[in-house]
Amino acid sequence: MFKKIQKTDAQWREQLGADTYRICREKGTEPAFSGRYYQEKASGTYHCACCGAPLFSSTDKYDSGSGWPSFMRPLTPENITQHSDNSHNMQRTEVTCQHCDAHLGHVFPDGPEPTGLRYCINSASLNLKKPSSTPD
């Protein structure tokens, strides 16, 4: 179980690269079709780039055509928090990490079955951990 992580802006800046800080701590976004995980096909678990909490599984990742990594559901719903976001004259639902409040992206009700959801997530807010290979 993860404990709520609280750091100063200076501590986050020291820990994170400029893009990750801008996206995760300042609610930014990366340009469509530019993120490192947009076309990633490898198996594994996507973790929060700020605190390491497991957020999404590659088995729930799909190509939504939106330009960002998209997932049907969170790996563990308790690790995700949703907030109303009315910025930029739009009504959206923001998705953040429950453990460190990192901005991840947004969730939309236009995804595939069985959930009908599209978690549209910035690559810079994620780190993919691939399964370890085991010797025979």
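Here is a short report on the structure shown in this document. (Residues numbered from 1 in each chain as written. Predicted model: local features only at pLDDT ≥ 70, side-chain atom pairs only at ≥ 80, totals over all residues. Heavy atoms only, no water.)

Observations regarding the sheet that holds strand β7 (residues 103-108)
What the six strands build is an open sheet, ordered β3-β4-β8-β7-β6-β5; its pairing is antiparallel. Only two strands of the sheet have a single neighbouring strand rather than two, namely β3 (61-62) and β5 (80-85). (Pairing = 2+ DSSP bridges. Helix = DSSP H or I, 4+ residues; strand = E, 2+ residues; numbered from the N terminus.)

Details of the nonpolar core
One finds C48, C50, L55, F56, C97, C100 and L126 to be the most contacted residues of the largest nonpolar core, which totals 24 residues. Secondary structure elements with two or more residues in this core: α2 (18-26), β1 (45-48), β2 (54-57), β6 (92-97), β7, β8 (118-121) and β9 (126-129). Those residues in contact with C97, other than ones at most four positions away along the chain, are C48, C51, A53, L55, N79, A102 and L104. (Core = buried A, V, L, I, M, F, W, Y, C linked by side-chain atoms within 4.5 Å. Buried < 20%, exposed > 50% of the residue type's maximum accessible area, 1.4 Å probe, protein only. Contact = heavy atoms within 4.5 Å.)

Focus on the layout of surface pockets
Space inside the largest pocket adds up to approximately 260 Å³. Of all the secondary structure elements, the ones that give two or more residues to the lining of the largest pocket are β7 and β8. Looking at the lining of the largest pocket, the element that brings in the most residues is β7, giving four residues. Looking at the lining of the largest pocket residue by residue, the classes come out as five nonpolar, eight polar and three charged. (1 Å grid on protein atoms, 1.4 Å probe; cavity = no way out; pocket = protein on both sides within 12 Å on 5 of 7 lines; lining within 4 Å. Points joined across faces, edges and corners; volume = space filled by probe spheres on them. Nonpolar A, V, L, I, M, F, W, Y, C, P; charged D, E, K, R; others polar.)

Observations concerning α2
Restricting attention to buried positions, one finds in α2 the residues T20, Y21, I23 and C24. If you follow the buried residues of α2, they end up packed against α1 (9-15) and β7. Just downstream of α2, K27 is the residue with a positive phi angle, here 60°.

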